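Listed here are the chains, written in short residue letters.
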Amino acid sequence: MDSAAEVKSILITGCSTGIGAHLARGLRDKGYRVFASARQETDVKKLEAEGFESLLLDLSSSDSINSAVSALFQKTDHLYALINNGAYGQAGALEDISRTAMEEQFQANFFGWHELTNLILPSMKSRNSGRVIYISSVLGFVALPFRGPYIASKFAIEGLVDTLRLELRHTNIKLSLVQPGPIESDFRQNAYLSFQKHVDFEGSDYRQDYKKMIKRLNSPNNAQFTLGPEAVLRPVLHALESKSPKARYRVTFPTKLFAILGRILPSTWMDKVLSKAAD
Ligand SMILES: NC(=O)c1ccc[n+]([C@@H]2O[C@H](COP(=O)([O-])OP(=O)(O)OC[C@H]3O[C@@H](n4cnc5c(N)ncnc54)[C@H](OP(=O)(O)O)[C@@H]3O)[C@@H](O)[C@H]2O)c1
């Protein structure tokens, strides 16, 4: 149980690498009690070796989510914030994506986030306080080719959060979407793994496009305007600490630019801009 009431507890999913790992360290440095979860035992052990209270939590498994939440509430009676972060990007043209591949994408990126949030909300409601932060993406509001399952999952999260924010409007539980553009992490390597798992590269009409995509996913060079994960920590801190957290935080130049263009350009023009950006 929390000994000092003023120490705020936070659960973060997907802390093995990237944004989640950085948020866990950064928020602990700011004095939060961080429950850093990961879906693999080896990563839970690594996080514990770093001094974190860690939980095994695989968002694709209802059993895993329920066990993690039970374990969490044995350690603390109240969670100040949940950061829904753990996710991956299923790469591939939509024509090459099976129903199974799409279902797997939504299990991790959407259903898992929804189920976990619903298990945490009653505790927040009992105190009428809390923050839920969703790491969405620029691809939560614009599309690019060959990232369809991921884009669909992030658009879905945006719709879910907009609805839940309205439903919770009479409470003091605040929801924020953080929308990063390119951020240094293991995201591209993991997208390549998902591509290899589910897409028949050689049998595809898109194999020429895939050659380019594979080069990009395996390149050591970052895309233009890529920022480090600290760029995500700043808005997350605001979402946690401001009396009036924003509904959306746009992180990186491409996110800010596409947010403006999406409002002013007709879809046909926007498609041209996005096709150019994808080349
Ligand atoms: N990097 C970017 O450019 C970027 C841009 C916009 C938004 N985002 C978002 O930022 C968040 C973090 O991604 P990242 O960039 O830090 O990528 P990352 O380095 O690949 O980290 C993703 C994390 O999610 C975990 N994860 C994947 N599937 C999971 C599952 N079923 N259950 C629990 N955890 C799972 C991964 O665990 P394993 O190590 O076990 O796979 C890893 O800890 C994601 O929501 C992503 O959509 C990233």
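For clarity, every value in this text was computed on a predicted model and none was experimentally measured. (Residues numbered from 1 in each chain as written. Predicted model: local features only at pLDDT ≥ 70, side-chain atom pairs only at ≥ 80, totals over all residues.)

In terms of regular secondary structure, the protein is built from 10 helices and seven strands. Over its C-alpha atoms the protein spans a radius of gyration of 19 Å, differing by no more than 12% from the 19 Å that the globule rule assigns to 279 residues. The principal-axis extent of the C-alpha atoms belonging to the protein is close to 60 × 40 × 30 Å. Buried positions account for 40% of the 279 residues belonging to the protein. Considering only intrachain contacts with a sequence separation of at least 6, the fraction spanning at least 24 residues in the protein is 72%. (Helix = DSSP H or I, 4+ residues; strand = E, 2+ residues; numbered from the N terminus. Rg over C-alpha atoms; globule rule 2.2 N^0.38 Å. Buried ≥ 20, exposed ≤ 12 C-beta atoms within 10 Å, placed from the backbone. Contact = placed C-beta atoms within 7 Å.)

With that settled, the discussion passes to unusual backbone geometry. Glycine aside, residues mostly have negative phi angles, and peptide bonds mostly take the trans form. For Asn128, which is not glycine, the phi dihedral falls at a positive 50 degrees. Structurally, Asn128 is set in the loop between α4 (99-127) and β5 (130-135). Here Asn128 falls in the exposed class, since 10 other C-beta atoms lie within 10 Å of it. A positive phi angle, near 70 degrees, is found at Phe225, a position not held by glycine. Checked against the element boundaries, Phe225 lands in the loop between α7 (207-218) and α8 (230-241). Residue class for Phe225 comes out partly exposed when judged on the 13 C-beta atoms lying within 10 Å of it.

The next thing to look at is the site of the ligand. Taken together, 29 residues sit near the ligand, with Gly14, Gly18, Gly86, Ala87 and Ser185 positioned nearest. The element contributing the most residues to the shell around the ligand is helix α1 (residues 18-29), with three residues. Among the residues making up the shell around the ligand, the classes are represented as 13 nonpolar, 13 polar and three charged. (Near = placed C-beta within 6 Å. Nonpolar A, V, L, I, M, F, W, Y, C, P; charged D, E, K, R; others polar.)

The next point concerns the nonpolar core. One finds Ile10, Ile12, Ala24, Val34, Ala81, Tyr134 and Val178 to be the most contacted residues of the largest nonpolar core, which totals 62 residues. Beyond its immediate stretch of four places on either side in the chain, Ala81 contacts Ile10, Gly130, Arg131, Val132, Ile133 and Leu240. Membership of the second largest hydrophobic core comes to seven residues, among which are Val138, Leu139, Val142 and Phe258. (Core = buried A, V, L, I, M, F, W, Y, C linked by C-beta atoms within 7 Å.)

Judged by pairing direction, the sheet is parallel, and its seven strands sit side by side in the order β3-β2-β1-β4-β5-β6-β7 without closing on themselves. A single partner strand is all that each edge strand has here, and the edge strands are β3 (53-56) and β7 (248-251). For this sheet, the mean inter-axis angle between neighbouring strands, taken without regard to orientation, is 20 degrees. Sheet topology places strand β1 (residues 9-12) next to strand β4 (residues 81-84); three bridges connect them, and they run parallel. (Pairing = 2+ DSSP bridges. Axes fitted to C-alpha atoms, helices over the stretch in contact; angles between N-to-C directions.)

This paragraph deals with the confidence of the model for the protein. Averaged over every residue, the pLDDT of the protein is 96; residues scoring 70 or more account for 98%. Here helix α10 (residues 267-278) stands out as the element of the protein with the lowest mean pLDDT, 95, in contrast to β5, whose mean of 99 is the highest. (pLDDT = per-residue confidence, 0-100.)

Attention shifts here to the packing of helix α6 (residues 187-198) against α7. Contact pair α6 / α7: the axes reach a minimum separation of 8 Å and the direction vectors enclose 140 degrees. One element, α6, and the other, α7, form an angle in the oblique class. Across from Arg188, Ala191 and Tyr192 in α6, the residues of α7 making contact are Ile214, Leu217 and Asn218. Taken together, the residues of the contact of α6 with α7 sort by class into four nonpolar, one polar and one charged. (Parallel < 35°, antiparallel > 145°, perpendicular 65-115°, else oblique.)

This part is about the environment of Gln107. The residue Gln107 is located in helix α4 in this model. Judged by local crowding, Gln107 falls into the partly exposed class, with 17 C-beta atoms found within 10 Å. As for Gln107 and Leu56, which are separated by 51 residues in sequence, their C-alpha atoms are 17 Å apart. Setting aside residues no more than four positions away along its own chain, Gln107 makes contact with Ser60 and Gly112.

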